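A closer look at the structure
These are the residues of each chain, in order.
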Amino acid sequence: MSKMFKFLAMMLTAVLVLSACSSGGGKKDSKSDEALDLQINGDVPTMDSAMATDGLSFDMFFQTMEGLYTLDKNDKAIPAVAKGEPKITNDGKKWTVKLREDAKWSNGDPVTANDFVFAWRKVVDPDTASEYAYILYDIKNAEDINNGDKKPEELGVKAVDDHTLEFELTKSLPYYKELLSFGTFMPQNKKFVEKQGDKYGTTVKSTLYNGPFKMSEWKTDDKVTLEKNDKYWDKDKVKLDEVNYKVVKEASTAVNLYETNKLDIVDLPAEQVKKYKDDKAFNTELDTVTYYFKLNEDTVPEFKNQDFRLAFAKAIDKEAYVKNNLNNGSIPSDNFVPKDFVKDSKGKEYQDGVKNTNQYNVKEAKKHFEKAKKALGKDKFTIELMTYDKDTAKRDAEYFKEQLEKNLEGVTIKIKQQPFKQKLDVVSKGQYEMSLENWIPDYPDPMTFLELYVTDGSHNNTGWSNKEYDKIIKAADSSLASNPDKRLSELQRAEGMLLNEAGIVPLYQVGVAQLQKPNVKNVVNHQFGGVSTLKEAYIEK
């Protein structure tokens, strides 16, 4: 599968569509001819790697930060701050990584093993309240520390010397080197971070960078500018002088900019696909990202009733939605883990083993709804649907509203649009009733989706809970690790529980339809973790 179409596709799933722009024809406001102008639909929430939870922040990290490893064009881990391959002993549990001595922060300080120790301890420290602390739980003592039972200093990681990092896992994991490229594992300069305090990662000057680029401008809800980092160890491979992100929320505006030669890559709204589908610059591709509804049982007690949730899950015609509202290669989905993401040892598609009876079926939706009304003792329900503030979001929300109100008589849906950054914050605090969400995988395994909905998980602010589900997820991360096919079959069983109880309501798997001009080269895009890598991107003259 070609990677060239992933740049915008992954940002679309974060509701942050990126569009690369050429330097040709004197059309740019950039200071340099070697620049990309990119469109985003909202502000960057944070540049603190311990606090980020969204696709745009993680994409910014991939441009401005480096961990031990990064991803190549085939999504395989390659050395970044690490000098080479890790030394792995103790049945895959003990890792020793040598760090390159020429890695520096943008202020000239060397990047050391202590920067990783500090950053990782910060993530698991319960006082940090990192939503992504769980992703470090495979490191010895991490979970106990995050639960308050041990001190951050007891985390199984240490600096043997300035350029040797050693850490101990609770088990051997085949994808761990790829996981180490993820934003939450990025280093932080302790002296600098502590000096900035609560302001760290909120402005250009309160952030430090060790990657190919550094921020030179960050204006809330306006623009972000990156410039080449002259302290970066591999700066000779960085071709671009600037990367300019401009907040543009209207899809029609983006298309107009493409037409006037001010954008080189643009995502097409549904109504534009027919016009451009025969254009040689047109491409469409399926991505590994799922959009779905969260149903909050804590703010809407009716969602505690399984029949009520199932009625919502079966009442929406997803096929008509992706055809009419998206028309961009997206496909309707009744599953949480996407298609073409994981296969078993025999090459069989993971999705095929998930037993899910939760498809669109108006007759069954009405049946569940009648049972729910009888159990709840009421027949009128008003629920607020929270969505994003980009220009196509209201039309999409109105489709879901129409479907639910038509097929479930007595339901009234009120639409509430929120800017991306605010929506992220409100939902993370559980201050919503029903919310349109998406998930970009963090690493190449079904667990990156399924571990989100364990009881009291940091991302599970729905109130849904199933002890058998929790048991399977725990076993998949421990006792089943040595039996990959058995582990996958158990994860398929767990996903079936989540779906058949309508703990969440999957809607569609993201596709992208776009136009791309040929002079933007070497934009590397990823199926998980960081969205894209611009390190060796360039503009062909």
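In what follows, the structure referred to is the one given above.
One structure accompanies this document, and this report is about it. (Residues numbered from 1 in each chain as written. Predicted model: local features only at pLDDT ≥ 70, side-chain atom pairs only at ≥ 80, totals over all residues. Heavy atoms only, no water.)

A few points about the overall build of the protein chain
From N to C terminus, the protein chain includes 16 helices and 21 strands. Relative to the compact-globule value of 24 Å for 541 residues, the protein chain shows a C-alpha radius of gyration of 23 Å, a close match. Over its C-alpha atoms, taken along the principal directions, the protein chain stretches across nearly 70 × 60 × 45 Å. Within the protein chain, the fraction of its 541 residues that count as buried is 61%. In the protein chain, once contacts between residues fewer than 6 apart in sequence are set aside, the share between residues at least 24 apart is 70%. Carbon and sulfur atoms make up 46% of the accessible area of the protein chain, which totals about 21900 Å². The protein chain carries 81 positive and 89 negative side-chain charges, and their two centres are separated by 1 Å. (Helix = DSSP H or I, 4+ residues; strand = E, 2+ residues; numbered from the N terminus. Rg over C-alpha atoms; globule rule 2.2 N^0.38 Å. Buried < 20%, exposed > 50% of the residue type's maximum accessible area, 1.4 Å probe, protein only. Contact = heavy atoms within 4.5 Å. Areas by Shrake-Rupley, 256 points an atom, 1.4 Å probe, with all protein chains shown as cover. Lys, Arg positive; Asp, Glu negative; His and termini not counted. Charge placed at Lys NZ, Arg CZ, Asp CG, Glu CD.)

Some thoughts on the packing of helix α9 (residues 306-314) against helix α11 (residues 362-376)
At a minimum axis separation of 8 Å, α9 and α11 run at an interaxial angle of 155°. Taken together, the axes of α9 and α11 lie roughly antiparallel to each other. For α9 against α11, the interelement crossing comes out left-handed. Taken together, the residues of α11 that come into contact with α9 (itself represented by Asp307, Phe308, Leu310, Ala311 and Lys314) are Val362, Glu364, Ala365, His368, Phe369, Lys371, Ala372 and Leu376. The residue makeup of the contact of α9 with α11, split by class, is eight nonpolar, one polar and four charged. (Axes fitted to C-alpha atoms, helices over the stretch in contact; angles between N-to-C directions. Parallel < 35°, antiparallel > 145°, perpendicular 65-115°, else oblique. Left-handed = near helix turned anticlockwise from the far one by under 90°. Nonpolar A, V, L, I, M, F, W, Y, C, P; charged D, E, K, R; others polar.)

Focus on the sheet that holds strand β6 (residues 157-161)
Here we have four strands laid out as an open sheet, ordered β4-β5-β7-β6, and antiparallel in their pairing. The open sheet is flanked by β4 (87-89) and β6, the only strands paired with a single partner. With strand direction ignored, the average angle separating the axes of adjacent strands in the sheet is 20°. Pairing analysis gives four bridges linking β6 to strand β7 (residues 164-168), with the strands arranged antiparallel. Within the sheet, the bridge partner assigned to Ala159 lies in β7 and is Leu165. In the packing of helix α3 (residues 113-124) onto the sheet, contacts are made with β6 and β7, and the angle to β6 comes to roughly 165°. (Pairing = 2+ DSSP bridges.)

Things to note about the packing of aromatic side chains
Each aromatic ring pair is described using two quantities: the centre-to-centre distance and the angle formed by the ring planes. On inspection of all chains with the given rule, the structure shows 35 aromatic pairs. Ring geometry for Phe308 against Phe369: centres 6.1 Å apart, planes inclined by 35°, an arrangement best described as tilted. Taken together, the residues span a long stretch of sequence, with Phe308 in helix α9 and Phe369 in helix α11 at a distance of 61 residues. Of the two residues, Phe308 and Phe369, both sit in the buried class. These aromatic residues form a ring-pair network of at least three members: Phe58, Phe61, Tyr132, Tyr134, Phe182 and Trp439. Against the face of Trp233 rests Arg100, its NZ or CZ located 3.5 Å from the ring centre. Between the NZ or CZ atom of Lys423 and the centre of the ring of Tyr388, over which it lies, the distance is 4.4 Å. (Phe/Tyr/Trp six-rings, centres within 6.5 Å; stacked < 30°, edge-to-face > 60°. Lys NZ or Arg CZ within 6 Å of the ring centre and 35° of its normal.)

Side note on the packing of helix α15 (residues 467-476) against helix α16 (residues 484-500)
Axis separation between α15 and α16 bottoms out at 9 Å; the angle between their running directions is 155°. Comparing the axis directions of α15 and α16 gives the class roughly antiparallel. Both α15 and α16 take part in a crossing whose hand is left-handed. In contact with Glu468, Tyr469, Ile472, Ile473 and Ala476 of α15, α16 contributes Arg487, Glu490, Leu491, Arg493, Ala494, Glu495, Met497 and Leu498. Looking at the contact of α15 with α16, its residues break down into eight nonpolar, no polar and five charged.

Re the environment of Pro174
Position of Pro174 among the secondary structure elements: in the loop between β7 and α5 (176-179). C-alpha of Pro174 to C-alpha of Gly92: the two residues are 82 residues apart in sequence and 8.9 Å apart in space.

Digging into helix α2 (residues 55-64)
Here α2 lies mainly inside the structure; 10 of its 10 residues are buried. Measuring from the side-chain oxygen of the N-cap residue of α2 to the backbone nitrogen of Leu56 gives 3.1 Å; that N-cap residue is Asp54. (Polar contact = N/O pair within 3.5 Å; in protein donor to acceptor, adjacent residues only side chain to side chain.)

A word on the pattern of salt bridges
Pairing between side chains of opposite charge can happen when the charged atoms of each approach one another. In the structure shown here, the tally under the stated rule is 35 salt bridges. Between Glu85 and Lys177 there is a salt bridge; the shortest N-O distance is 2.4 Å. Of this pair, Glu85 sits in the loop between β3 (77-79) and β4 while Lys177 sits in helix α5, and the two are 92 residues apart along the sequence. For Glu85, a relative accessible area of 52% corresponds to the exposed category. In this structure, the salt-bridge partner of Lys223 is Glu217, at a minimum N-O distance of 3.6 Å. Each of Lys94, Lys158 and Glu166 takes part in one network of salt bridges that share partners. (Salt bridge = Lys/Arg side-chain N within 4 Å of Asp/Glu carboxyl O.)

Let's talk about the side chain of Glu66
Its location among the elements puts Glu66 in the loop between α2 and β2 (69-71). For the buried Glu66, no salt bridge is present, and the opposite-charge side chain at shortest range is Lys535, 4.4 Å distant. Within the structure, the side chain of Glu66 is placed 2.6 Å from the side chain of Tyr232, a separation counted as a polar contact. Not counting residues within four places of it along the chain, the set of residues in contact with Glu66 comprises Ala80, Val81, Met186, Pro187, Asn210, Gly211, Tyr232, Trp233 and Lys535.

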